[in-house]
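# Chain and residue survey
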Amino acid sequence: MYHTTKNILSLALYAGEIMLQNGAETYRVEDTIIRICQAYNISYVESFVIPTGIFVSVDQGNADTKVVTFIKRIKTRTIDLNKVSQINDFSRKVSVSNLSVEEGMEILKKIDTLSKYPKKIKLFCSGIASACFGLLLGATYIDSLSSFIISILVYISVSFIEHLNSNLFIQNFIGGIIAALLAILAVNIHLGINIDKIIISSIMILVPGVAITNAVRDSISGELLSGVARSAEAIIIAISIAVGVGTVMNAWIYLRGGIS
Amino acid sequence: MLLQFVFAFLSTIGFAVLFNIPKKAILKASFAGGIGWIAYAFSNNYFHSPIVDSFIGACIVAIISEIFARKFKETVTVFVIPGIIPLVPGAGMYYTMMAVVERDFNKFALVGSETMFTAGGIAVALLIVSSMTRMIVQLKTKFKTIKSSM
């Protein structure tokens, strides 16, 4: 079976692109690209991945072949760990069975179009996550009921803003504002007692868990650049949530003339 | 304590769905999250320090996740990411921010540094556990090659 270097490279690059866009660590993306290329007997592969781009160079190792280099810029990033896990399986499969590049492309396209969980289930789960987290913190049942509703509304609004070509800061900022506003409203209509616990549990769905974990895992693997970039991402998210909530609370305290 | 486990379990299920964890891994990840929280609560009884507690909780989550990842052939992050979310100091973040709003900068320094160290504790726990696993795996393969050469 003969495949051109370019075909193999585009297969590997496509796999890497899907992984990086859906929240994989950068060292895992590099590994996957190298593993796929080596499965097709490319002797020289070098890949360099940062959270915003992929660079790959391959060479067949003969004196007369040219070095092929691809650069892929990653612009949008979401979190879909199912796809990451699927591609990980795929790269394992490629190295043991001899799939043709076309078959590989078919599989990757299928993985790329895999649907996420239905929206309704996601909304319900964001509510459950917040409500149960509130109970862990020692909120009352009625508090957790209101944080259930609030976090669903926060999730709806944040995912709506996400489609408006917005950035990380504004999404989490608005999420924080909505959580704080609704928590104040809930306490004032007696749907809860502890305003702090309602807010804390509602903003938990915005917390940058993936960024924190990936920052640590990248730093361990020696990917210092990605580690720093991802920690910065986590800090930006945390600060923007805090600024959002803080703005509302500050205004509220000012209007009430004191801390309630 | 059982109730705490159930709440942590359900909460982790919620986060797992938000991160699109594969269906077959959701319950396992939630189990890791639940046990991690129990470890956190237990150590809270002894140490009364959120930094140490989060460190211990995150260690437990990371160890369980590494074992599950090896056993079920999944990526480690699938279990770690939802598992550590209940330990993330959201409350500390909120109280830090409120200290700024109340213009109480002593409290800001106190709560803020504690929150930062708590987050750092979680990070260090993940760091230690996964580097240890790498070393153990390396050691195992070395032993195997020595054995096969003998």
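Keep in mind it's a predicted model, so treat the numbers as computed, not measured.

## Here's the deal with the UniProt feature "domain: Threonine/serine exporter-like N-terminal" (unreviewed entry) in chain A
UniProt annotation of "domain: Threonine/serine exporter-like N-terminal" (unreviewed entry) refers to residues 11-250 of chain A when read in the numbering used here. Secondary structure across residues 11-250 of chain A comprises 68% helix and 8% strand; the distance between its end C-alpha atoms is 52 Å.

## A short note on the interface of chain B and chain A
Interface size is often expressed as the accessible area that is lost when the parts come together. Taken together, the contact pairs 39 residues of chain B with 43 residues of chain A. Taken together, the elements giving at least two residues each to the side of chain B that touches chain A come down to α1 (2-18), α4 (76-84), α5 (90-101) and α6 (105-149) of chain B. By residue number, the principal contributor to the side of chain B that touches chain A is α1 of chain B, which donates ten residues. Partitioned by chemical class, the residues of the side of chain B that touches chain A number 28 nonpolar, nine polar and two charged.

## What to know about the UniProt feature "transmembrane region" (unreviewed entry) in chain B
According to UniProt, the positions carrying the feature "transmembrane region" (unreviewed entry) are residues 6-21, 49-69, 76-96 and 116-137 of chain B. Helix and strand shares over residues 49-69 of chain B are 95% and 0% respectively, and the end C-alpha atoms of the span are 30 Å apart.

## Comments concerning the environment of Y141 of chain A
With respect to the secondary-structure elements, Y141 of chain A resides in helix α6 (residues 141-162). Put simply, Y141 of chain A and G192 of chain A are 51 residues apart on the chain and 8.4 Å apart in space, counted from C-alpha to C-alpha.

## What about the UniProt feature "domain: Threonine/Serine exporter ThrE" (unreviewed entry) in chain B?
Following the UniProt record, the feature "domain: Threonine/Serine exporter ThrE" (unreviewed entry) maps to residues 4-131 of chain B here. The straight-line gap between the two end C-alpha atoms of residues 4-131 of chain B is 30 Å; of that span, 87% is helix and 0% is strand.

Scoring rules and cut-offs
Residues numbered from 1 in each chain as written. Chains lettered and ligands numbered in written order. Predicted model: local features only at pLDDT ≥ 70, side-chain atom pairs only at ≥ 80, totals over all residues. UniProt positions renumbered as here; feature names shortened; annotations may be inferred. Helix = DSSP H or I, 4+ residues; strand = E, 2+ residues; numbered from the N terminus. Contact = placed C-beta atoms within 7 Å. Nonpolar A, V, L, I, M, F, W, Y, C, P; charged D, E, K, R; others polar.

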